[in-house]
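Inside the fold
What follows is each chain in one-letter form.
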Amino acid sequence: MGTASKRTLTFTLVFLAALAASAYGALAPENVLVLYNEASPEGTEIASYYAQVHPGVQLLGLTDVSLDEQITADDYLATIRPQVLPALTPSIDVVVTTKGLPLRIHNGHSNPGSYTDPFGVVRTAYEWKGYSSLESELTQIDKVSTWQQMGDQTWWIPEGYPGYPQHSRNLYYKIKGEFDHETYGTRLTSRLDGFTVDDVTASIDRAQRAFVGPYHFVVDNDPDAPGATVNRMSSLANGVLVPAGVQNSYDNTNTFVTDAPGPVLGYVSYGTHGGGTPAPDDYLINEKDGLTFDLADGAVFHTWESFNGCTFTEGGNLYGQGLVAEWLARGGTVGTGHVQEPYANPVNVTNEDFMFDMLLGGYTWAEAAWSATQQLSYVNTVVGDPLMVFRELIPGDANKDGKVGSEDLDKIGTCWGTCGKTGGAMWEQGDFNCDGRVSFDDLMILAEHWGTVADWASVASIPGDATGD
């Protein structure tokens, strides 16, 4: 058996052992409230589609809401929050926004210095920020009800001091456990948005087919980039991916990584701020000089760029940085972003190593992304299906239905002798050892796992997997 085959089987054994006792997606559709702007046909269509994919989610159409990507704090407090609050039943843990709802909230009020919050606590706003994302603001919809609170980002008040915990402090931060809003006093959120409705619905479909198996992670660090001393890329590669047996390319030079040995499931970099970027303005979608690797279903985007979530309007990229919307347009599935300058430090940027550790531990996308984000009511946003989970991919399961059997054998028979890309690109054709050809070695792997059924197979419906699409 070749080296590639040994790596693939070793990974599978390590990953299956790590997930043996973990629950897949403790959050259920019944825990999700999807908001849409009734004035937006696109948002209405996306909300309806998401409800078809996840029966049981609750829908709420909002009225009198601007179609602009930016609104004021007063607009949010007067029009959006009052409509959403009554719909937050005890079962709702996740609030989802859709295309057509505002993206960025501008708080144009000046720092009052000190103020009394709605709970009677006198506070000093040592740190004042003028922007937040709609999604981050909705995480604290139960607590934050004034523009003073929205601007006050003094999250760091220590435990035991008056005013602890401050409302922008995420009490779910670095908690490796299932989320519920009653325990942590917050909500999880995510945004279903992209350049087009088709981009969004395709990303929702891909989220249902998110598997870890032969796929690759690209972690492109740059020691000369702004904030290089405060990122967690080395910790992600060496402290999370390597121990889990996950294939990854960790680069700690100022060379811009554009290729990978196989389809990529996770991408972390400085984006346009990275050294040697051949296409700094459009590296995500430039087919000649940008990223050339294929994306696996479930592919996650996380870059240290200040404006990577600043717009979901095609042609609206005013800052020349990589966009989550571009990631989705080229076949990505989910991502983190910033709707405005977050300032590069470990507090303000989502913690990449903890986020992927949570995903690899079987938690949902919403849990993984927000448990890795220290500040709330700020500029961070989370994009994509909040219920996405990484499932284990069983060797021999060519059609990815969670069972190894006759349909997978048929795949090998149909594609016998086929040669192509290595690294997992031909898994659906039966190339289970990822050597780029369908052969006797793959047939032996299928035979070894014949009859194996994944623990999620009886409860999950995976759109498109029967055909390998």
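The following refers to the structure shown. In this text the structure is predicted, and so the values were computed from the model without any measurement. (Residues numbered from 1 in each chain as written. Predicted model: local features only at pLDDT ≥ 70, side-chain atom pairs only at ≥ 80, totals over all residues. Heavy atoms only, no water.)

Observations concerning a nonpolar patch on the surface
Formally: In this scheme, patches are assembled from residues that exceed 30% relative accessible area and form no salt bridge. Like charges are connected within 9 Å, while nonpolar side chains (Val, Leu, Ile, Met, Phe, Trp, Tyr) are connected within 5 Å. Values of accessible area rely on a 1.4 Å probe in the Shrake-Rupley scheme; residue burial ignores everything except the protein chains shown. Note on definitions: salt bridges are taken to be side-chain nitrogens of Lys or Arg within 4 Å of carboxyl oxygens of Asp or Glu. Secondary structure follows DSSP: runs of H or I at least 4 residues long count as helices, runs of E at least 2 residues long count as strands, and numbering of each begins at the N terminus. Using a 1.4 Å probe on the protein chains alone, a residue whose accessible area is under 20% of its type maximum counts as buried, one over 50% counts as exposed, and one in between counts as partly exposed.
Together, Trp-416, Phe-440 and Met-444 line one region of the surface with nonpolar side chains, adding up to about 340 Å² of accessible area. Here Met-444 lies in helix α13 (residues 440–448). Of the residues examined, Met-444 reaches a relative accessible area of 39% and is grouped as partly exposed.

A few points about the nonpolar core
Operational definition: The definition of a nonpolar core used throughout is a set of buried Ala, Val, Leu, Ile, Met, Phe, Trp, Tyr and Cys residues joined through side-chain atoms within 4.5 Å. Should any heavy atoms of two residues lie within 4.5 Å, those residues are considered in contact.
In this structure, Val-300, Trp-365, Met-388 and Phe-390 are the most contacted members of the largest nonpolar core, which totals 75 residues. Broken down by element, this core gets its largest block of residues, six residues, from helix α10 (residues 352–360). Ignoring anything within four residues of it in the chain, the contact list for Val-300 reads Leu-265, Gly-266, Tyr-267, Trp-327, Val-334, Met-355, Phe-356, Leu-359, Trp-365, Met-388 and Phe-390. In terms of nonpolar packing, the next biggest core, distinct from the first, is built from 27 residues, Leu-103, Val-257, Phe-301 and Cys-310 among them.

A few points about the packing of helix α2 (residues 41–53) against helix α7 (residues 197–207)
Convention followed: Each axis is a line fitted through C-alpha atoms, taken for helices only over the stretch in contact, and angles between the N-to-C directions span 0 to 180 degrees. Any angle that falls under 35 degrees is termed roughly parallel, while one over 145 is termed roughly antiparallel, one within 65 to 115 roughly perpendicular, and all others oblique. In this scheme the handedness of a crossing depends on how the near helix is turned from the far one: anticlockwise by less than a right angle means left-handed, clockwise means right-handed. The classification used treats Ala, Val, Leu, Ile, Met, Phe, Trp, Tyr, Cys and Pro as nonpolar, Asp, Glu, Lys and Arg as charged, and all other residues, Gly among them, as polar.
At their nearest, the axes of α2 and α7 sit 10 Å apart, and the two run at 15 degrees to each other. Here α2 lies roughly parallel to α7, going by the angle between them. With respect to the hand of their crossing, α2 and α7 are arranged in right-handed fashion. Residues Glu-42, Glu-45, Ile-46, Tyr-49, Tyr-50 and Val-53 of α2 form the contact with α7, whose participating residues are Val-197, Val-200, Thr-201, Ile-204 and Asp-205. Residues that form the contact of α2 with α7 fall into these classes: seven nonpolar, one polar and three charged.

A word on helix α12 (residues 406–415)
Heads up, the rule is: As used here, the arc is the angular range of directions from the helix axis to the C-beta atoms.
Here α12 has its buried residues at Asp-408, Lys-411, Ile-412 and Cys-415. Angularly, the buried residues of α12 cover 95 degrees about the axis, an arc narrow enough to put them on a single face. Facing away from the buried side of α12 by more than 90 degrees, the exposed set consists of Asp-410, Gly-413 and Thr-414. Those residues of α12 that are buried lie in contact with α13. Downstream of α12 by a residue or two, Gly-417 has a phi angle that is positive, lying close to 85 degrees.

As for the pairing of strand β1 (residues 32–37)
Threshold: For two strands to pair, DSSP has to find at least two bridges joining them. By the criterion used throughout, a crossover qualifies as right-handed when its path from the first strand across the helix to the second strand runs clockwise, the strands pointing away from the viewer.
Across the six residues that make up β1, a large majority, six, are buried. Relative to strand β4 (residues 94–98), β1 runs parallel, the two sharing three bridges. What sits directly across from Val-32, in β4, is Val-94. In this fold, β1 hands off to α2, which returns the chain to strand β2 (residues 58–62); that crossover is right-handed.

Some words on the side chain of Thr-189
The criterion, for reference: Pairs of N or O atoms are called polar contacts if they sit within 3.5 Å, as long as, within protein, a hydrogen donor faces a hydrogen acceptor (for residues adjacent in sequence, only side-chain-to-side-chain pairs).
With respect to the secondary-structure elements, Thr-189 resides in strand β9 (residues 188–192). Of note is the side chain of Thr-189, whose polar atom sits 3.0 Å from the backbone oxygen of Glu-135. In this structure Thr-189 touches Val-94, Val-95, Glu-135, Ser-136, Leu-138, Thr-139, Trp-370 and Val-382, once residues within four positions along its chain are discounted.

Some thoughts on the packing of aromatic side chains
The following threshold applies: Only Phe, Tyr and Trp rings take part, Trp by its six-membered ring, and two of them pair if their centres are within 6.5 Å. Stacked means planes under 30 degrees apart, edge-to-face means over 60, and tilted covers everything else. We call a charge positioned over a ring when the NZ of a Lys or the CZ of an Arg lies within 6 Å of the ring centre and within 35 degrees of the ring normal.
Across all of its chains, the model carries 14 aromatic pairs by this definition. Here Trp-427 and Phe-432 contribute two aromatic rings whose centre-to-centre distance is 5.2 Å and whose plane-to-plane angle is 70 degrees, an arrangement assigned as edge-to-face. Overall, the relative accessible area of 1% leaves Trp-427 in the buried class. According to the relative accessible area criterion, Phe-432 is buried, its value standing at 1%. An aromatic cluster is built from Tyr-267, Phe-293, Phe-301 and Trp-327, whose rings are joined through pairwise contacts. Its end group placed over the ring of Trp-456, Arg-391 keeps NZ or CZ at 5.5 Å from the ring centre.

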